Amino acid sequence: FFQKTQTAVKNWFTLFGWSNGQNPISVPYSLRRDVCKIQMTSSEVKGFKQGLGKTLYDMLFHLSGDLLPSITKSQSSHLDPFERIWQLYSEHSTLLAFIKSKGAYLPHVMPEFLLEPDDYKKWIQMQTVGLVRVFLCSLVLDKDLFVLEDSSFETMSKRAWTDVLLQIYKVFVLPRVSSCKVTDLFSLGKAQTMPRIKSDPLSSNIYSPHERTILIWLNEHYEKNRKTVWRDCQKGEVPPMRWIVNFDRDLLDGLVLAAQLASYCPYLIATHFVRMYTNPREPEQFLHNCLILVNAMNAVNLAIGIKV
């Protein structure tokens, strides 16, 4: 599950996280490596974008519209290895504090988990010999030393960077979903037996209001289009009414997503969607539906690297 989540995160940020098109990333390797390359030449936004290039901070600026406080000053990497480690640690601390201030939840991610493996070893050395007290003073005087082995650090670092990206998506991308109420079919009396999904903040402890707005949108288009899309289906009857309440099981058979795509590209119904199984039960039938959906997306140039 974690590997699938990491792949999805990597693909989304590769495709949509940057201001000038795609930029391939790897989690955590390219993120850790590129952060170390930061060279500031100006506190102005123009200088920031020219001097920084495609790093995590460039991506964060594109998604949030804000610069991190410590990244707005002219700075360069220290030549002294221990001062450089402290600089990176300070930047990672600022990054975490910044996204937490916007609503991110990352109590388990420590700044040192975002370092390169060799830098993490230097950080532990600084902790052990007490050099870090020169830089942090009272900030770490009462902090217990938590040392990870090499293999454990890589696992922790990969998880930490993945969670950072997920929280960046949560606080800067999901809120772009319109807060306007979706005119769903339930309010029109066409599905009174179906429970409604509420978008108010206290109605769920799993999904945010923005995610529930997307669920309402999925329910609306599926109920509106299911009889039209599969009226002449070659592999079954019109699929039954369903209540779409999550982004996992309810999307597995491809029918819900096909209904959304048909809303905007109805010409795909005759060429693709009529060949889908409307009541799939075997793994091969689920795969069949997903392949048709991916082919339909490719047909309208939605080539976003989906692999089935």
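Residues numbered from 1 in each chain as written. Predicted model: local features only at pLDDT ≥ 70, side-chain atom pairs only at ≥ 80, totals over all residues. Heavy atoms only, no water.

Draft legend 1. Just the overall build of the chain, in detail. For the chain, the count of helices and strands is twelve helices and zero strands. Listed N to C, the secondary structure of the chain is α-α-α-α-α-α-α-α-α-α-α-α in terms of helices and strands. Across the 308 residues of the chain, 42% fall into the buried class. Taking the intrachain contacts of the chain between residues at least 6 apart in sequence as the baseline, contacts between residues at least 24 apart amount to 63%. In the structure as shown, the chain presents an accessible area of about 17000 Å², 55% of it carried by carbon and sulfur atoms. (Helix = DSSP H or I, 4+ residues; strand = E, 2+ residues; numbered from the N terminus. Buried < 20%, exposed > 50% of the residue type's maximum accessible area, 1.4 Å probe, protein only. Contact = heavy atoms within 4.5 Å. Areas by Shrake-Rupley, 256 points an atom, 1.4 Å probe, with all protein chains shown as cover.)

Draft legend 2. Here's a closer look at the pattern of salt bridges. In total, this model carries nine salt bridges according to the counting rule given. Note that Asp66 is salt-bridged to Lys102, the shortest N-O span being 3.8 Å. Remark: Lys102 occurs in the loop between helix 5 (81-101) and helix 6 (117-129) and Asp66 occurs in the loop between helix 4 (56-64) and helix 5; sequence separation between them is 36 residues. With a relative accessible area of 40%, Lys102 lands in the partly exposed category. (Salt bridge = Lys/Arg side-chain N within 4 Å of Asp/Glu carboxyl O.)

Draft legend 3. How the structure looks around the packing of helix 9 (residues 209-229) against helix 10 (residues 255-264). It is at 8 Å that the axes of helix 9 and helix 10 come closest, and there the two elements cross at 80°. One element, helix 9, and the other, helix 10, form an angle in the roughly perpendicular class. Here Trp217, Leu218, His221, Tyr222, Asn225 and Val229 of helix 9 come into contact with helix 10, specifically with Leu255, Val256, Ala259, Gln260, Ala262, Ser263 and Tyr264. For the contact of helix 9 with helix 10, the class distribution of residues is nine nonpolar, four polar and no charged. (Axes fitted to C-alpha atoms, helices over the stretch in contact; angles between N-to-C directions. Parallel < 35°, antiparallel > 145°, perpendicular 65-115°, else oblique. Nonpolar A, V, L, I, M, F, W, Y, C, P; charged D, E, K, R; others polar.)

Draft legend 4. Structural context of the environment of Asp232. With respect to the secondary-structure elements, Asp232 resides in the loop between helix 9 and helix 10. Sequence separation of Asp232 and Phe273 is 41 residues, and the distance between their C-alpha atoms is 9.8 Å.

Draft legend 5. How the structure looks around the packing of helix 5 against helix 8 (residues 150-172). Relative to each other, helix 5 and helix 8 sit at 35°, their axes nearing to 10 Å. Considering how the two elements wind past one another, helix 5 and helix 8 form a crossing that is left-handed. Facing His92, Leu96, Phe98 and Ile99 of helix 5, the residues of helix 8 in contact are Trp161, Val164, Ile168, Val171 and Phe172. Taken together, the residues of the contact of helix 5 with helix 8 break down into eight nonpolar, one polar and no charged. (Left-handed = near helix turned anticlockwise from the far one by under 90°.)

Draft legend 6. Highlighting the side chain of His221. By secondary structure assignment, the location of His221 is in helix 9. When near neighbours in sequence (up to four residues on either side) are disregarded, His221 contacts Ala259, Gln260, Ser263 and Tyr264.

Draft legend 7. Region of interest: helix 1 (residues 2-16). Look at helix 1: 21 Å from first C-alpha to last across 15 residues, which is about the 21 Å you get at 1.5 Å a residue. Here helix 1 has its buried residues at Gln6, Val9, Phe13, Thr14 and Leu15. Summarising the contacts, the buried residues of helix 1 are in contact with helix 4 and helix 8. (Expected span 1.5 Å × (residues − 1).)

Draft legend 8. Looking closely at the environment of Thr55. Position of Thr55 among the secondary structure elements: in the loop between helix 3 (45-52) and helix 4. Taking relative accessible area as the criterion, Thr55 reaches 4% and is therefore assigned buried. On a C-alpha basis, the gap between Thr55 and Arg33 in space is 9.0 Å, while along the polypeptide they are 22 residues apart. Aside from chain neighbours lying at most four places away, what touches Thr55 is Trp18 and Asp34.

Draft legend 9. Expanded view of the nonpolar core. One finds Ile99, Leu165 and Ile168 to be the most contacted residues of the largest nonpolar core, which totals 40 residues. At the level of secondary structure, the elements contributing two or more residues to this core comprise helix 1, helix 2 (29-35), helix 4, helix 5, helix 6 and helix 8. Among the elements that line this core, the one with the most residues is helix 8, at eight residues. When sequence neighbours within four positions are dropped, the list of residues in contact with Ile99 reads Leu60, Ala104, Leu106, Val164, Ile168, Val171 and Phe172. (Core = buried A, V, L, I, M, F, W, Y, C linked by side-chain atoms within 4.5 Å.)

Draft legend 10. View of the side chain of Asp253. With respect to the helices and strands, Asp253 occurs in the loop between helix 9 and helix 10. Its relative accessible area of 9% is what places Asp253 among the buried residues. A distance of 3.1 Å separates the side chain of Asp253 from the backbone nitrogen of Leu255, its partner in a polar contact. (Polar contact = N/O pair within 3.5 Å; in protein donor to acceptor, adjacent residues only side chain to side chain.)

Draft legend 11. Up close: helix 8. The end-to-end C-alpha separation of helix 8 is 33 Å, in line with the 33 Å expected for 23 residues at 1.5 Å each. What helix 8 keeps buried is the set Phe153, Ser157, Ala160, Trp161, Thr162, Asp163, Val164, Leu165, Gln167, Ile168, Val171 and Phe172. Taken together, the buried residues of helix 8 touch helix 1, helix 2, helix 4, helix 5 and helix 6.

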